[in-house]
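Listed here are the chains, written in short residue letters.
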Amino acid sequence: MSNTRVKTVLTGLGLTAVLLPLVQPVGLNEALAQESKNIGKYCSSFRLLLPTGEVKDQQSRIALVIGNEEYQEGGLDNAVRNAKDMAKALRRLGFKVIQVLDGNQEQMNKALNCFNEKLKNQNGAGVFYYAGHAVQVEGENYLIPVNVNLTEEEDVNYRTLPLGLVLANMETANNKLNNINIIILDSSNNDPFSPGWNRSANIRGLAPPQTTRSGSLIAYANLPGRTVNDSGLFTVRILEKIEQPGLDVVDLFRQITLQINEGTGSEQVPATFSSDVPYFSFNPSRARASSPPPSLSAREFFDRGDDKRGHGDYEGAIADYTQAIRLKPDYVEAYNRRGLVRSYLEDYEGAIADYTQVIELDPNIAYIYSSRALVRYKLEDYEGSIADYTEAIKVDTSYVSAYIRRGFVHYKLEDYEEAIADYTQAIKLDPDNAWANARAYERRGNVRRNLGDLLRAISDYTQAIRFDPSNAYTYYKRGWTRHQLEDYERAIADYTQAIRFEPDNAWFYNGRGWTRNHLEDYQGAIADYTQAIRFKPNFAEAYNNRGWTRHQLEDYEGAIADYNQAIKLDPELAEAYNSRGWTRYKLEDYEGAIADYTQAIRLDPDFAIAYNNTGLVRRKLEDYEGAISAHTQAIRLDPNFAKAYYDKGFVYKKQGNRERARTDFLKAADLYQQQGNMEMYKKALDELRGLE
């Protein structure tokens, strides 16, 4: 291979650049040769998609198409769809296609090795297409799998797919005279990882590619150093022209560059880098094809609808999708996209009608059932939602997201065992998928927490954190579960970690404040509640909790002020009335206390604590029958309410009814012992001894 400088043309704009040759790692050819000895094991992981059409061309054709969008951070909307559309078009043009959707690093590497093997056995054209996140580091470009979290710049060396490796594989395998290698990168480039790295400069977009031989063409969605949005405009324009008979590949990309440059006001300028590329047309002259491309007019309406959707003009988008459907009544993707936009506008019935039409046209698209299931969930048609997720799974038994989402609907229906089964199956199907496992473990933890299986819930949250160590809400949920187990120190550690990731989240401060209350760190608790209120000024619960803490510090006036604010913000907050009633009781405002407890009970008729507190006030007022009635109602609502038995025993003691007092104190002592409250257990025993 030559080490001479290579002249590269940015087609369509008359720009030129001189690129340095790619410097291959030492021993690369030897490594590739060794790898080829066992290469068959890589292709066994993929189903080769055969051509659906033929072209009058003696060359063989092979393509590797990758679309990644389900990233742990910075997920994309169009990469998978664009990859699927590209694969279909290439198959119509006689290409055999290896397709990878939402590929992890291992899958991408195996697919590249399989691609390498196929290229070696042909004499013709090789195409590599990639849609997803990419990043440049020290002048090299790296394609990012979905299962990675690149916390440091150095991570790209061992957790991504280097573009240089792709080119080296293609050049090594497909190096016969007049063969062509085409690399198409529709990367959004605004990756979510590099902004967090410690870089000396604001490096954006991709670096200019480097090549060492003739016959290679590399197409970028935008100029080096620039980013593009996730619209997939580059792919859309390629698909419009790729099947045009006799159009040379260089002319194809020149036309696309001019079209996008003009249409975006030079905000997006595709760049094509080539070196002595032989004549090549994707469609030299079509002999036959099993499915013709959609009407150009319909496609234009569709594309304009996509553009309007991307700019938030949803009504305009619907109008254009409708025109596309009018011109092409079987335009599946137009129905799908119109359904999506209708769901944005909360026209759920219209969205369901569109998704149903897609299913009638093609009942084997799993994600359409999933989309309709989501809309039905929003309509609270939970059974219909579950039915649709079940159909999606029938179409694609490995559809991990459908299991996770169906599990959530089962959870909503309190069908907890079915929910656990779905989350467990999702984990089993793809144990290395970080995005899916983080969500499946977290949601299974939620179910187990609701079932009172707190230790297993913590185990699930811990696994979720292992797959997604920066998810603040998982730390928050584990902290709350640890609080329930009275593991207060570790609960605070979890809340603190959640705050580190989301320092302006009011709920996290509120949770930590509540745990600090239980540790009697009242000043720390007040500081947390105050922060929660600062970030969420209408946070009624935080005012209520801060009031309760001020009550513990005997700042009764400050407590009353906080309760008043909580009630002002949320007049239906029963806990705030109950809390204010308790502080008024301490201030000997017994009538005010009863009024508050009565209001709390009106708002929440099952509020056992409010009934019991009413009993305490009535005892103070020497209304013993009223007190007994209130304590009895509290016990009816909560048969294990030890304090209600203890307080009712006191009323009977005041009345001189020693037998009933003894019965209640004995029951209270038994419950306190079962619940591990030994201090109150001893007090109940002391009361029993006092009756002897």
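Residues numbered from 1 in each chain as written. Predicted model: local features only at pLDDT ≥ 70, side-chain atom pairs only at ≥ 80, totals over all residues. Heavy atoms only, no water.

## Points about the packing of aromatic side chains
Taken as a whole, this structure holds 26 aromatic pairs when the rule is applied. Their ring planes at 25° and their centres at 5.7 Å tell us that Tyr-509 and Phe-535 sit as a pair that is stacked. Here Phe-535 lies in helix 22 (residues 522–535) and Tyr-509 lies in helix 21 (residues 506–518), a separation of 26 residues in the sequence. When its relative accessible area of 28% is taken as the criterion, Phe-535 is described as partly exposed. Ring centres of Tyr-646 and Phe-650 lie 5.5 Å apart, and the angle between their planes is 70°; on these two criteria the pair is classed as edge-to-face. Taken together, the residues span about one helical turn, with Tyr-646 and Phe-650 both in helix 29 (residues 642–655) at a distance of four residues. Tyr-646 sits in the buried class, given a relative accessible area of 10%. By relative accessible area, which is 21% here, Phe-650 ends up partly exposed. Clustering of aromatic rings is evident, with ring pairs tying together Tyr-377, Tyr-382, Phe-408, Tyr-411 and Tyr-416. Lying over the aromatic face of Phe-535, Arg-534 brings its terminal NZ or CZ to 4.2 Å of the ring centre. In this structure, Lys-536 packs its charged tip against the face of Phe-539, placed 4.5 Å from the ring centre. (Phe/Tyr/Trp six-rings, centres within 6.5 Å; stacked < 30°, edge-to-face > 60°. Helix = DSSP H or I, 4+ residues; strand = E, 2+ residues; numbered from the N terminus. Buried < 20%, exposed > 50% of the residue type's maximum accessible area, 1.4 Å probe, protein only. Lys NZ or Arg CZ within 6 Å of the ring centre and 35° of its normal.)

## Notes on the pairing of strand 7 (residues 134–137)
Of the two faces of strand 7, the one holding Ala-134 and Gln-136 and the one holding Val-135 and Val-137 are both buried throughout. As judged from the four bridges shared by strand 7 and strand 8 (residues 140–143), these two strands associate in the antiparallel manner. Across the sheet, the residue bridging to Val-135 is Tyr-142, located in strand 8. The hairpin formed by strand 7 and strand 8 contains two residues between the paired strands, and Glu-138 there has a positive phi angle of roughly 50°. (Pairing = 2+ DSSP bridges.)

## Regarding the nonpolar core
Ranked by size, the top nonpolar core spans 80 residues in total, and within it Leu-90, Phe-95, Phe-128, Phe-253 and Phe-282 carry the most contacts. Not counting chain neighbours up to four residues away, the residues in contact with Leu-90 comprise Ala-63, Val-65, Phe-95, Val-97, Val-127, Ile-242 and Phe-282. Phe-539, Ala-574, Tyr-645 and Tyr-652 belong to the second largest nonpolar core, which has 51 residues in total. (Core = buried A, V, L, I, M, F, W, Y, C linked by side-chain atoms within 4.5 Å. Contact = heavy atoms within 4.5 Å.)

## So, the pairing of strand 10 (residues 180–187)
Counting buried positions over the eight residues of strand 10 gives eight, a clear majority of the element. Every second residue of strand 10 is oriented toward a common face, with Ile-180, Ile-182, Ile-184 and Asp-186 on one face and Asn-181, Ile-183, Leu-185 and Ser-187 on the other, all of them buried. Both strand 10 and strand 11 (residues 216–220) contribute to a ladder of five bridges, which runs parallel. Looking at strand 11, one finds that Asn-181 is bridged to Ser-216.

## Quick notes on the sheet that holds strand 12 (residues 271–275)
Strand order in the open sheet formed by six strands is 5-4-6-10-11-12, with mixed pairing between adjacent strands. Each edge of the sheet is formed by a strand with only one pairing partner; in this case those strands are strand 5 (96–101) and strand 12. Sheet twist, expressed as the average angle between the axes of neighbouring strands with direction ignored, equals 10°. Strands strand 4 (60–67), strand 5, strand 6 (124–132) and strand 10 of the sheet are contacted by helix 3 (residues 79–92), whose axis makes an angle of about 170° with strand 5. Of the strands in this sheet, strand 6, strand 10 and strand 11 are in contact with helix 7 (residues 233–241), which crosses strand 10 at around 135°. (Axes fitted to C-alpha atoms, helices over the stretch in contact; angles between N-to-C directions.)

## Details of the sheet that holds strand 7
Note on sheets: strands pair through backbone hydrogen bonds, and any given pair is parallel or antiparallel. A sheet is described by the order of its strands in space; here three strands give the open sequence 7-8-9, paired in antiparallel fashion. The open sheet has two free edges, formed respectively by strand 7 and strand 9 (161–162), since each of these has just one partner strand.

## What to know about helix 26 (residues 590–603)
Note that an α-helix has 3.6 residues per turn; residues three or four places apart therefore point the same way. Between its first and last C-alpha atoms helix 26 spans 20 Å; for 14 residues at 1.5 Å apiece the expected length is 20 Å, and the two agree. The set of residues buried in helix 26 consists of Tyr-590, Gly-592, Ala-593, Ile-594, Asp-596, Tyr-597, Ala-600 and Ile-601. Those residues of helix 26 that are buried are in contact with helix 25 (574–586) and helix 27 (608–620). (Expected span 1.5 Å × (residues − 1).)

## Concerning the environment of Leu-519
Tracing the chain through its elements places Leu-519 in the loop between helix 21 and helix 22. Of the residues examined, Leu-519 reaches a relative accessible area of 34% and is grouped as partly exposed. Along the primary structure Leu-519 and Glu-486 are separated by 33 residues, whereas in three dimensions their C-alpha atoms are 9.7 Å apart. With residues near it in sequence (within four places) discarded, Leu-519 still touches Tyr-488, Glu-489 and Ile-492.

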